[in-house]
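Observations on chain architecture
What follows is each chain in one-letter form.
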Amino acid sequence: DLSRHPFFAQFLPDEVAPHILALWQARERLLAVRRRVPVTLCHHDAFRRNILTRRDAGGRDETVLIDWTRTGTGVLGEELVPLFVASLRFIPVDLTQIVALDAAIFANYVDGLRATGWHGDPALVRFGFTATAALKGGVADPAIKLPSVARRVADLPANAEPPRILGPGLEQHIALHRHLLRMGDEALALTSRLA
């Protein structure tokens, strides 16, 4: 319904709402495979504002994570979701670099797993990342957040300006959302390999 609303249609271009609904219909298949992905400790809020760099006593750069309130377990690859999604919701980027950013953070995460002694199948990690990103960022976030904003917009007085809900702007929002939905398609393709 929101895709036909005068204010929200811009956030849900023609192909986006059907894609969201298709992934929602496939959620049980994705969640069944996701339950078989190995679990690890996750910060769950590691994105640009919570990742700092400082110099250690030897003068070397050191990465420091702050705001550990959401720490808990998560599947391999899940930790990348806030890094990828939240960062792109707050920080403007060259839209042609979204795919490269996805690839870079994924490759470095797998390298980090390997450095700690993990030698499992990277497809499990890719599935954990893509399925979680698609279901959370591509399906659940708009399904939860847009209706809430719609209620606030409906309660505004006539001629009042609607709330600003996008950090870096509409074009980046749509590009990220489309990428998240494609990640869902990738996760679905991986289910047959991992099942």
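As a reminder, the structure under discussion sits directly above these lines.
Structural notes, computed from the coordinates. (Residues numbered from 1 in each chain as written. Predicted model: local features only at pLDDT ≥ 70, side-chain atom pairs only at ≥ 80, totals over all residues. Heavy atoms only, no water.)

So, about the packing of aromatic side chains. To describe a pair of aromatic rings, you give the distance between the ring centres and the angle between the ring planes. Under the definition given, this model contains 2 aromatic pairs. Aromatic pair Phe-84 and Phe-129: ring centres 5.9 Å apart, planes at 85°, arrangement edge-to-face. In this pair, Phe-84 sits in helix α3 (residues 80–90) while Phe-129 sits in helix α5 (residues 122–154), placing the two residues 45 residues apart along the sequence. Phe-129 carries the same exposure label as Phe-84, and that label is buried. When the ring centre of Trp-24 is taken as origin, the NZ or CZ atom of Arg-27, which lies over that ring, is 3.8 Å away. Of note, Arg-49 hangs over the ring of Phe-90, and the distance from its end group to the ring centre comes to 4.5 Å. (Phe/Tyr/Trp six-rings, centres within 6.5 Å; stacked < 30°, edge-to-face > 60°. Helix = DSSP H or I, 4+ residues; strand = E, 2+ residues; numbered from the N terminus. Buried < 20%, exposed > 50% of the residue type's maximum accessible area, 1.4 Å probe, protein only. Lys NZ or Arg CZ within 6 Å of the ring centre and 35° of its normal.)

Our next topic: the nonpolar core. Core analysis: the biggest nonpolar cluster contains 47 residues, and Phe-8, Leu-30, Phe-84, Val-125, Phe-127 and Phe-129 have the highest contact counts within it. Taken together, the elements giving at least two residues each to this core come down to α1 (16–25), α2 (27–34), α3, α4 (98–115), α5 and α6 (170–194). For Phe-127, the residues in contact, after removing those within four places along its chain, are Leu-30, Val-33, Arg-34, Val-37, Thr-132, Ala-187, Leu-190, Thr-191 and Leu-194. (Core = buried A, V, L, I, M, F, W, Y, C linked by side-chain atoms within 4.5 Å. Contact = heavy atoms within 4.5 Å.)

Another point: α2. Here α2 has its buried residues at Leu-30, Val-33 and Arg-34. Along the long axis of α2, the arc covered by the buried residues comes to 105°, so they all point the same way. Where α2 is buried, its residues meet α1, β4 (72–75), α5 and α6. (Arc of directions from axis to C-beta.)

Pairing geometry for strand β2 (residues 51–55) and strand β3 (residues 61–65), over 5 bridges, is antiparallel. For Leu-52, the partnering residue across the bridge sits in β3 and is Val-64. (Pairing = 2+ DSSP bridges.)

Moving on, we get to unusual backbone geometry. Unlike most non-glycine residues, His-44 shows phi in positive territory, near 70°. Despite not being glycine, Asp-67 has its phi angle at roughly 60°, a positive value. Note that Asp-67 resides in the loop between β3 and β4. Take Asp-67: its relative accessible area is 34%, and that puts it in the partly exposed class.

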